[in-house]
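So you can see what is in the structure, the chains are spelled out below.
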Amino acid sequence: MDSPDLVPAPRTLTYGGGGGRIALDAGTTLDAGPGTDGVARWMRTAIGAATGLPLPPGGGPRALRLRISGTVERAYGPEGYRLVTGASPAEPAVLIEGGSAAGVFWGAQTLRQLLGPEAYRKAPVVPVGHAWVLPEVTVEDGPRFPWRGLLLDVARHFLPKDDVLRYLDLLAAHKLNVLHLHLTDDQGWRIEIERYPRLTEVGAWRARTKRGHRASPLWDDTPHGGFYTRDDIREIVAYAAERHIRVVPEIDVPGHSQAAIAAYPELGNTDVIDTTTLSVWDTWGVSPNVLAPTDNTLRFYEGVLEEVLDLFPAATSPFVHIGGDECPKDQWKASPAAQARIAELGLSGEDALQSWFVRHFDRWLADRGRRLIGWDEILEGGLAPGAAVSSWRGRAGGVAAAEAGHDVVMCPEQHVYLDHRQDGGPDEPVPIGYVRTLEDVYRFEPVPPGLSPEAAAHILGAQANVWTEVMENRSRVDYQTFPRLAAFAEVVWSTALPAPPARDVAGFARRMTAHYRRLDALGVDYRPPNGPAPWQRRPGVVGRPIEGTPPNV
Ligand code: ACM
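Residues numbered from 1 in each chain as written. Predicted model: local features only at pLDDT ≥ 70, side-chain atom pairs only at ≥ 80, totals over all residues. Heavy atoms only, no water.

Novice: Residues and numbers for the overall build of the chain, please.
Specialist: Along the chain, the regular secondary structure elements total 18 helices and 24 strands. For the chain, the C-alpha radius of gyration of 24 Å lies close to 24 Å, the compact-globule estimate for 553 residues. Oriented by its inertia axes, the alpha-carbon framework of the chain measures out at about 80 × 50 × 45 Å. Scored against the burial criterion, the 553 residues of the chain give a buried share of 61%. Expressed as a percentage of contacts within the chain between residues at least 6 apart in sequence, the contacts between residues at least 24 apart total 75%. Of the roughly 19,800 Å² of accessible surface on the chain, 54% is carried by carbon and sulfur atoms. (Helix = DSSP H or I, 4+ residues; strand = E, 2+ residues; numbered from the N terminus. Rg over C-alpha atoms; globule rule 2.2 N^0.38 Å. Buried < 20%, exposed > 50% of the residue type's maximum accessible area, 1.4 Å probe, protein only. Contact = heavy atoms within 4.5 Å. Areas by Shrake-Rupley, 256 points an atom, 1.4 Å probe, with all protein chains shown as cover.)

Novice: I'd love a proper account of the packing of helix H1 (residues 37–51) against helix H3 (residues 101–115), names of residues and values included.
Specialist: One way to put it is that H1 packs onto H3 with a least axis distance of 10 Å and a crossing angle of 20 degrees. Taken together, the axes of H1 and H3 are roughly parallel relative to one another. Our pair here, H1 against H3, has a crossing hand that is right-handed. Between H1 and H3, the contacting residues are Val 39, Trp 42, Met 43, Ala 46 and Ile 47 on the first element and Ala 101, Val 104, Phe 105, Ala 108, Gln 109, Leu 111, Arg 112 and Leu 115 on the second. Of the residues contributing to the contact of H1 with H3, the split by class is eleven nonpolar, one polar and one charged. (Axes fitted to C-alpha atoms, helices over the stretch in contact; angles between N-to-C directions. Parallel < 35°, antiparallel > 145°, perpendicular 65-115°, else oblique. Left-handed = near helix turned anticlockwise from the far one by under 90°. Nonpolar A, V, L, I, M, F, W, Y, C, P; charged D, E, K, R; others polar.)

Novice: Quick rundown of the packing of aromatic side chains? Include the residues and the values.
Specialist: As enumerated under the stated definition, the model contains 18 aromatic pairs in all. With centroids separated by 4.2 Å and ring planes inclined at 10 degrees, the aromatic side chains of Tyr 442 and Phe 508 adopt a geometry described as stacked. On the criterion of sequence distance, the pair formed by Tyr 442 in helix H14 (residues 438–442) and Phe 508 in helix H18 (residues 505–522) is long-range, its members being 66 residues apart. Phe 508 carries the same exposure label as Tyr 442, and that label is buried. Above the ring of Trp 493, the side-chain terminus of Lys 175 is found at 5.8 Å from the ring centroid. The ring of Trp 364 is capped by Arg 368, whose NZ or CZ atom sits 3.9 Å from the centre of that ring. (Phe/Tyr/Trp six-rings, centres within 6.5 Å; stacked < 30°, edge-to-face > 60°. Lys NZ or Arg CZ within 6 Å of the ring centre and 35° of its normal.)

Novice: Break down the UniProt feature "domain: Glycoside hydrolase family 20 catalytic" (unreviewed entry) in the chain for me, with residues and values.
Specialist: Here, UniProt's "domain: Glycoside hydrolase family 20 catalytic" (unreviewed entry) annotation points to residues 145–495. This span, residues 145–495, is 36% helix and 17% strand, and a straight line between its end C-alpha atoms measures 9 Å. (UniProt positions renumbered as here; feature names shortened; annotations may be inferred.)

Novice: With reference to specific residues and values, describe the packing of helix H17 (residues 484–493) against H18.
Specialist: Their axes nearest at 11 Å, the elements H17 and H18 cross at an angle of 120 degrees. Relative to H18, H17 is oriented oblique. Once H17 is placed against H18, the crossing between them reads as right-handed. Contacts between H17 and H18 pair Ala 486, Ala 487 and Glu 490 from the former with Phe 508, Arg 511, Met 512 and His 515 from the latter.

Novice: Please set out the sheet that holds strand E6 (residues 94–98) residue by residue, giving values where relevant.
Specialist: Read from one edge of the open sheet, six strands run E1-E8-E5-E6-E4-E3, paired in mixed fashion. If you trace the sheet from one side to the other, it starts and ends with strand E1 (12–15) and strand E3 (29–32), each paired once. On average, each strand axis in the sheet is tilted by 10 degrees relative to the strand beside it, whichever way the strands run. With four bridges joining them, E1 and strand E8 (residues 137–141) adopt antiparallel strand pairing. For Tyr 15, the partnering residue across the bridge sits in E8 and is Val 137. (Pairing = 2+ DSSP bridges.)

Novice: Can you tell me about the sheet that holds strand E21 (residues 408–410), naming the residues and giving the values?
Specialist: Taking strand neighbours around the barrel as the criterion, the eight strands line up as E9-E10-E17-E18-E19-E20-E21-E23 in a closed arrangement whose pairing is parallel. Neighbour to neighbour, the strand axes of the sheet diverge by 25 degrees on average, direction disregarded.

Novice: Describe unusual backbone geometry, listing the residues and the values that go with them.
Specialist: The amide bond that connects Val 7 to the next residue, Pro 8, takes the cis arrangement and shows omega of 0 degrees. Residue Phe 482 is joined to Pro 483 through a cis peptide bond whose omega torsion reads 10 degrees. As for its position among the elements, Pro 483 is in the loop between helix H16 (474–481) and H17. Backbone geometry at His 256 places phi at a positive 50 degrees, although glycine is not the residue there. If you trace the backbone, His 256 turns up in the loop between strand E17 (246–253) and helix H7 (258–263). Positive phi, normally seen in glycine, also occurs at Glu 326, with a value near 40 degrees. Here Glu 326 lies in the loop between strand E18 (319–323) and helix H9 (330–334). Owing to a relative accessible area of 29%, Glu 326 belongs among the partly exposed residues under this scheme.

Novice: Requested: an account of the pattern of salt bridges, with residues and values cited.
Specialist: Applying the stated criterion across every chain, the model contains 40 salt bridges. Where Glu 445 meets Arg 503, a salt bridge forms, and the shortest distance between an N and an O atom there is 2.7 Å. Here the residue Glu 445 occupies a position in the loop between H14 and helix H15 (453–456), and Arg 503 occupies one in the loop between H17 and H18, the gap between them amounting to 58 residues. What emerges from the salt-bridge pattern is a single network uniting Glu 194, Arg 195, Arg 230, Glu 306, Glu 307 and Asp 310. (Salt bridge = Lys/Arg side-chain N within 4 Å of Asp/Glu carboxyl O.)

Novice: Requested: an account of H3, with residues and values cited.
Specialist: For H3, built from 15 residues, the straight-helix expectation of 21 Å at 1.5 Å per residue is met to within 8% by its first-to-last C-alpha distance of 21 Å. Counting buried residues along H3, 15 of its 15 residues qualify, which places the element largely inside the surrounding structure. Measuring from the side-chain oxygen of the N-cap residue of H3 to the backbone nitrogen of Ala 102 gives 3.1 Å; that N-cap residue is Ser 100. Immediately beyond the C-terminal end of H3, within one or two residues, lies Gly 116, with a positive phi of roughly 105 degrees. (Expected span 1.5 Å × (residues − 1). Polar contact = N/O pair within 3.5 Å; in protein donor to acceptor, adjacent residues only side chain to side chain.)

As structure tokens, then:
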């Protein structure tokens, strides 16, 4: 039997003594124990659709048995699982025991990999009566980190709801369990807020879009926009929950807010510029137009967040991201109102004013049973007591926060920003940033060297971030995200990985040969190993490649 080439690699995989194979067929039943109904539903819809197997309820030796097991939880954690195929004729054909329903679900993902790439399609491509053959194996597995995330920037380019649901399926297939949705930015506001309809009436679209990096002379004159209705959000959250994925909504303040200011000009620094002249931004970079630090702004965003908390329940969205990145302070420096606020609060300056702003929402969220998370700029001027940090400007912010006892998600731009180009060649579409190949991502280590054990325990995990300035549609997002997300998934899941530089890049590359067939079946428009297909190129669209090796900070 060939190695099943699992991605991400499990802790252990051992072959059964008989070297036998187990076939799933029309007689295979599904025996779902207490708490595993959702996994059974997913198996019938996803694996059932691909295989054509009805998987009716029932026990016995032909069954796929799903169970939650305290023993597995103690050994491998709540997301751990044990998968056994064909142990003996008296046993079920397949047993998946998880430390919780999530563990059973991740075990079901492994089962799907064992069934072959055809199991990733939405309808059978094999003849009726085809036997779905599994190797006789025992897999024991559990994740390295509890936070295994992907950020989708749906603000710069809107990703329609169906594409987000598809990404949830892609995350699940890679045992990733956090979707961070960057819902608001200068270039668009993407979530319906009932009490402030202009956020989407005005803020959810722009008349034209810069094509390529901001230095590019090209414009796309097609209006661009879109937003998620309240029911769209509820659907995304529920779909994620069925896949044991938590959704982190991000409402970015006090910078990256020009779309909101275009909709409600009183949110801006009206004593510095005429904010009624602002529109949703149509180019890239960091807008100087930031929120005014007024009571009106605080009340407005409390209103926004009240609706956000309503749409993203605490059970599946314990963290709420408030951005906090890249807030230029020029308008606050020039604003008599902002300066009066600094004086009134007895603050040391504009950084402290931003910190005051963030602390307000830290308290506000904590009072409502949630946790604030923000980009590492929220460290400047003093970190709010309960805040967690997304460390993006390298690792230093994450190290400082973790040493101070704050939880941290590692997403350093030098390593896991998937908008950065994958190759140095001339055919790479709209090349941005450093060359970060599949192998480079595979060598990423989320826990910075030298961290104390206490601080290392605050590294919740890591996240790959997909910023979409130069990704105008789902195909472009796929191209930048895959295959690198598969390497990232292994980095955050696999406890079997040695620390870099000892990572087995060649072994991973070999397993990727099998994994590309899964991605093909899923319809993922990944970057082929030999470079982009002609239709994946963007000749003439200016990027911003950075030469040399990224600083390992
Ligand atoms: C960021 O990339 N500005 C978080």
